[in-house]
Amino acid sequence: MNLFPPDSTNSRNPVAPRERRADNRPPDFAEPVAPGVASVTQLIAKLSEYLTPAELKKVKEAYRFSDEMHLGQVRKSGEPYISHPIAVAEICAEWKLDAQAIMAALLHDVIEDQDVKKDELIERFGAQVANLVDGLSKLEKIEFQSQLEAQAENFRKMLLAMASDVRVILIKLADRLHNMRTLGVMVPAKKRRIAGETMEVYVPIAHRLGLNNIYRELQDLSFSHLYPLRYQTLSKAIKAARGNRREVVKKILEAVKAQLESSGLQFEVDGREKTLYGIYKKMRNKHLSFSQVLDVYGFRVVVDSVPNCYVALGTLHALYKPMPGKFKDYIAIGKINGYQSLHTTLIGPYGTPVEFQIRTQEMHRTAESGVAAHWLYKTGDSNITDLQHRTHAWLQSLLDIQQQTGDSAEFLEHVKVDLFPDSVYVFTPKSKIIALPRGATALDFAYSIHTGIGDHTVGVKINNEDQPLRTELHNGDIVEIITNPESRPSPTWLTFVRTGKARSAIRHHLRAIDVNESVELGQELLAQALAVRNIKPELSDAVIERLLAETSAKSLEEMYADIGIGKRMPALVARHIFGLMEGDPELLPSNKPIPSSEIAPVTIYGSEGVAVQLAPCCLPIPGDQITGQLRRDQALVVHTCDCLPAKRIQAKEPDRWIAVQWGDELNRRFDCRIRLLINNEKGILARVAAEIGESDANITYVGMDEDDEHSMTQLRFTIQIKDRVHLAQLIRNLRRVAGVNRVERERS
């Protein structure tokens, strides 16, 4: 997936140039001609509320330069292109970002689109503004080995720029928000692609930085373009429900206000509707219909101090009965992104569950604006200081990962792991709170303290009991790490660590310590693979030169090391060498190599790592007839023999396909997609899910498409199974479930 495509709502179509002044510069602050687009007058009015006259003058200079550079360009919607930078700057102005950030927002596309040099921006606007703009610009002028490498490198550049100055990501999020708001003019395929990358990359970053307003809006906008029919259906259902529930909401508001006033508290209370995507996610995760989602509305109570948060909580519990297990104290233990509030769910009138959030005014500011609250309210408040500290620690971890990571794709893999919003909170023996991604292990905890501690870990105590390093941590655990200076990381640690920091540190250590051993092992493995083909391991200079030219390896030693650590398969490298020799008779050795057709198929075990990938289009499982596609980066992609996309590729590149077979002992689960046609009746989804669990299969994804006309629903599951025999047994069991009309494996 392209993480950094050209901003798709922007078109470079020329239009007639606007009228210019006698000095050949555009009129000062000429308004965009299209009605309803961003206005520079409104922007200047917003900025005048908090910038000095000298700073405003610099912003106006940046606007004039951007306007001149983008003159003659329009967006896909027909608006003058300058309306986009103005809109991005307006969003930044709502956070009251400083003058340098506003200038960078106005200039954010001039390097990328107009080939303006960074040196020119430094000369005109200063080094900090130029660095911000450079951090926001993509690397389109650089040639990469593959599209994936280009995407990963763009992502790495932005995150590292963010690590040195968090304003980079704030401006980028404002840029993405405006593009998502104006995505309607694009064709459906582009809408889905851009919405998909927004949901996968930018939504988690906004959440991680505590930018909840943007987080929620980007989620809903992405949802509306990814699943337009579901969005429209749910939107209509909520509008209909508003009328039915208006009286309930009004009654709750009046009762809450009266109860809080009787306690003598100073407070603000308001009702709010949950986001469409939040409701949809709850329906999907808990297998509920809309009518079963009762807590569509929530209430927020804002008081003047932390003690009064708890007073308000007791007051509300006296008014309505709390639901057991539905109270969370995010004040005592704040979320990893700085969010703090008390959450409680009460049984309101008519038995309706009602969610309340209770917080102070300062907590409310941080909850809405996250890390941007640093610019919004420079009060020195301790909560905001703590948020800045947490953000700085996360950004610093990005730099640590960068220093230890071999390439852009690996960096991207590590960082995306850390963007999961769910967290667990554990304690050191000295009662310091450490936040980790859900599913993190004791070894992840050790690396979160310090890389040196992680490298020398030999044992762990959780709640004063000895536990394995792979033990998954839970909220409230007290974790003590036992170290030994002689201990070193083990390759097996990579199989269970969860955080990007731990994974990159372990890989870095293994590369640094075992590089000579990896080279020797790789040399031996390749020699064995070549011997099978009757090729001697002593390769000619011409073969080595061509081999390195057609792969991403910089030297033969690096190639050997990659084979030794499992990044490349020796059989595939040997086949590539045979192909080079076969294509040039001068390179053929005197002893004729054995062709591919006479070599035993490559054996697949499913645990080879990045060297072998199971194609997502057909998801092969043991028992399927399979074939292998050699990619140009030396990885092997395994398809089923009846996969239609594979057949199309094979017709174009027949020489890049080899024979493969499954190994005998496969000690892992494999993803597989199945499709069910079921009746629309109460409880059927629960019955289906229970049957899948009883058949010893794991569910990793559920999708649903309803057909109201025929009262039927199509369910799509991605499940983890052992092999075709296991799948056949599961399908037989599902066909016996009442209400299931058809079950089949979903093909590409």
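Look up a bit, the structure's there.
Everything numeric in this text was worked out from a predicted model, so none of it was measured.

(A) Layout of the side chain of Asp444. Here Asp444 lies in helix α19 (residues 442-449). Ignoring anything within four residues of it in the chain, the contact list for Asp444 reads Leu436, Phe496, Val497, Arg498, Thr499 and Ala502.

(B) Looking closely at the packing of helix α3 (residues 83-94) against helix α9 (residues 167-181). With their axes 9 Å apart at the nearest point, α3 and α9 run at an angle of 120 degrees to one another. As the angle between them shows, α3 and α9 are arranged oblique. For the pair α3 and α9, the crossing hand works out as right-handed. Seen from α3, the contacting residues are His84, Ala87, Val88, Ile91 and Cys92; seen from α9, they are Ile171, Ala174, Asp175, Leu177, His178, Asn179 and Arg181. Split by residue class, the contact of α3 with α9 holds 7 nonpolar, 3 polar and 2 charged.

(C) Molecular detail of the nonpolar core. Of all hydrophobic cores here, the largest spans 72 residues; its most connected members are Leu47, Leu106, Leu107, Leu121, Leu173 and Leu234. Setting aside anything within four residues of it in sequence, one finds Leu47 in contact with Leu56, Val59, Ala93 and Ile102. Ile678, Val688, Ile721 and Val743 belong to the second-largest nonpolar core, a separate cluster that totals 35 residues.

(D) Fine view of the pairing of strand β4 (residues 297-303). Extensive coverage of β4 is indicated by the burial of 7 of its 7 residues. Along β4, one buried face is formed by Tyr297, Phe299, Val301 and Val303 and the opposite face, lined by Gly298, Arg300 and Val302, is buried too. The pairing of strand β3 (residues 267-273) with β4 spans 7 bridges and is classified as antiparallel. Note on β4: the bridge partner recorded for Arg272 is Gly298.

(E) Fine view of the pattern of salt bridges. In the structure shown here, the tally under the stated rule is 14 salt bridges. Lys46 is the salt-bridge partner of Glu90, the closest N and O atoms lying 3.5 Å from each other. With a gap of 44 residues between them, Glu90 in helix α3 and Lys46 in helix α1 (residues 40-47) connect regions that are remote in the sequence. For Glu90, a relative accessible area of 11% gives the class buried. Between Arg669 and Asp696 there is a salt bridge; the shortest N-O distance is 3.0 Å.

(F) Spatial organisation of the sheet that holds strand β13 (residues 479-483). The strand order β12-β11-β13 describes an open sheet built from 3 strands, whose pairing is antiparallel. Taken across any chain shown, the strands that pair with only one partner, and hence form the sheet edges, are β12 (465-467) and β13. The sheet shows a mean angle of 35 degrees between the axes of neighbouring strands, direction not considered.

(G) Summary view of helix α11 (residues 212-226). Relative to the 21 Å expected for 15 residues at 1.5 Å per residue, α11 spans 21 Å between its end C-alpha atoms, a close match to the ideal helical length. The buried fraction of α11 is high, at 11 of 15 residues. Along α11, the residues that are buried comprise Asn212, Ile214, Tyr215, Leu218, Gln219, Asp220, Leu221, Ser222, Phe223, Ser224 and His225.

(H) Spotlight on the sheet that holds strand β18 (residues 657-662). Taking strand neighbours across the sheet as the criterion, the 5 strands line up as β14-β18-β16-β17-β15 in an open arrangement whose pairing is mixed. Each edge of the sheet is formed by a strand with only one pairing partner; in this case those strands are β14 (602-604) and β15 (612-614). The average undirected angle you get between the axes of adjacent strands in this sheet is 40 degrees. Relative to β18, β14 runs parallel, the two being bridged by 3 bridges. Within β18, the residue paired with Thr603 across the bridge is Gln661.

Conventions we followed
- Residues numbered from 1 in each chain as written.
- Predicted model: local features only at pLDDT ≥ 70, side-chain atom pairs only at ≥ 80, totals over all residues.
- Heavy atoms only, no water.
- Helix = DSSP H or I, 4+ residues; strand = E, 2+ residues; numbered from the N terminus.
- Contact = heavy atoms within 4.5 Å.
- Axes fitted to C-alpha atoms, helices over the stretch in contact; angles between N-to-C directions.
- Parallel < 35°, antiparallel > 145°, perpendicular 65-115°, else oblique.
- Left-handed = near helix turned anticlockwise from the far one by under 90°.
- Nonpolar A, V, L, I, M, F, W, Y, C, P; charged D, E, K, R; others polar.
- Core = buried A, V, L, I, M, F, W, Y, C linked by side-chain atoms within 4.5 Å.
- Buried < 20%, exposed > 50% of the residue type's maximum accessible area, 1.4 Å probe, protein only.
- Pairing = 2+ DSSP bridges.
- Salt bridge = Lys/Arg side-chain N within 4 Å of Asp/Glu carboxyl O.
- Expected span 1.5 Å × (residues − 1).

Purely geometric stuff here, so don't read any function into it on its own.
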